[in-house]
Amino acid sequence: MAPRGLAFAYLSPALRAELRPHNAGPSATRDPAASLYAGDPAPELSETARAFDTSPNWFACVAAAASTRVLLQAGVERVRDHNIALADRLRAALGQEPGGSAITSVERPGAAERLARAGIVTTSRGGGTRLAFHLYNTPQDADLAARALL
């Protein structure tokens with residue numbers, strides 16, 4: 001629920017030892033403030049996962065803070081359950097078993113085009129049409145997708 005261009009990751013110490021930071025800038029150094037104007041072309045990188053940081057996308061961070069508050073207020077488990085219930089609702093309408101995931105794929109000829117005509121945004125993956133449900137989707141959205149596909 002954040003704008004494109006922002007990502008969060010957890011990198012275990014064991015994994016960090018196997019990876020090489022690319023595009024490291026001042027945010028990735030031991031002392032970011034001192035590195036902003038450093039003349040050294042290779043400042044010393046942080047020993048933490050911060051070594052993999054790139055320059056922050058400040059506007060996306062502001063939006064992500066707001067959407068993170070919404071998710072935390074709703075409750076992560078509640079959001080997960082809501083999302084899965086919608087995907088499983090669609091699957092049931094299509095005669096499929098529950099998938100237990102907020103992401104589902106439909107393998108029907110013309111599915112992407114039919115869903116697009118109904119105003120539903122999807123992607124194509126591995127020969128299927130991928131739908132992903134989230135907090136901002138409703139049971140009516142799942143029903144609309146099912147009607148477009150039946």
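Residues numbered from 1 in each chain as written. Predicted model: local features only at pLDDT ≥ 70, side-chain atom pairs only at ≥ 80, totals over all residues. Heavy atoms only, no water.

With an unreviewed UniProt entry as reference, the chain is termed Aminotransferase class V domain-containing protein, source organism Nocardiopsis tropica.

## Focus: the overall build of the chain
If you tally the helices and strands in the chain, you get six helices and three strands. Of the regular secondary structure in the chain, the N- to C-terminal order runs α-α-α-α-β-α-β-β-α. Taking 150 residues into account, the globule formula puts the C-alpha radius of gyration at 15 Å, and the chain, at 21 Å, lies well above it. When its C-alpha atoms are laid out on the principal axes, the chain stretches across 65 × 35 × 30 Å. (Helix = DSSP H or I, 4+ residues; strand = E, 2+ residues; numbered from the N terminus. Rg over C-alpha atoms; globule rule 2.2 N^0.38 Å.)

## Focus: the sheet that holds strand S2 (residues 123–125)
Taken in spatial order, the three strands line up as S1-S3-S2 in an open sheet, and their pairing is antiparallel. Both edges of this open sheet fall to strand S1 (103–106) and S2, since each of them pairs with a single strand only. The sheet shows a mean angle of 40 degrees between the axes of neighbouring strands, direction not considered. Pairing between S2 and strand S3 (residues 128–132): three bridges, direction antiparallel. Among the inter-strand pairings, threonine 123 is bridged to a residue of S3, identified as arginine 130. (Pairing = 2+ DSSP bridges. Axes fitted to C-alpha atoms, helices over the stretch in contact; angles between N-to-C directions.)

## A look at the pairing of S1
By the alternation rule, side chains of S1 split into Thr104 and Val106, which are all buried, and Ile103 and Ser105, of which none is buried. One ladder, built from four bridges, connects S1 with S3; its direction is antiparallel. Bridge pairing links isoleucine 103 to alanine 132 in S3. (Buried < 20%, exposed > 50% of the residue type's maximum accessible area, 1.4 Å probe, protein only.)

## Details of the pattern of salt bridges
Here the idea is simple: oppositely charged side chains can pair when their charged atoms come close. This structure, assessed with the given rule, holds four salt bridges. The structure contains a network of salt bridges with shared partners spanning Arg30, Glu44 and Glu47. (Salt bridge = Lys/Arg side-chain N within 4 Å of Asp/Glu carboxyl O.)

## Focus: the packing of helix H3 (residues 58–74) against helix H4 (residues 76–93)
The packing of two helices is summarised by the inter-axis angle and the distance between the axes. As a packed pair, H3 and H4 sit with axes 5 Å apart at the nearest point and diverge in direction by 90 degrees. Relative to H4, the element H3 lies roughly perpendicular. Together, Leu71, Leu72 and Ala74 of H3 and Val76, Arg78 and Val79 of H4 make up the contact between the two elements. Split into classes, the residues belonging to the contact of H3 with H4 amount to five nonpolar, no polar and one charged. (Parallel < 35°, antiparallel > 145°, perpendicular 65-115°, else oblique. Contact = heavy atoms within 4.5 Å. Nonpolar A, V, L, I, M, F, W, Y, C, P; charged D, E, K, R; others polar.)

## Regarding the layout of surface pockets
Of the voids in this model, the largest pocket is the one considered here, and its volume is about 520 Å³. Elements represented by at least two residues in the lining of the largest pocket include exactly S2, S3 and helix H6 (139–149). In terms of residue class, the lining of the largest pocket is built from eleven nonpolar, five polar and three charged. Roughly 400 Å³ of internal volume is contained in the second largest pocket. In terms of lining, the second largest pocket is formed by 15 residues, of which the most central are Ala7, Phe8, Phe52, Asp53 and Thr54. (1 Å grid on protein atoms, 1.4 Å probe; cavity = no way out; pocket = protein on both sides within 12 Å on 5 of 7 lines; lining within 4 Å. Points joined across faces, edges and corners; volume = space filled by probe spheres on them.)

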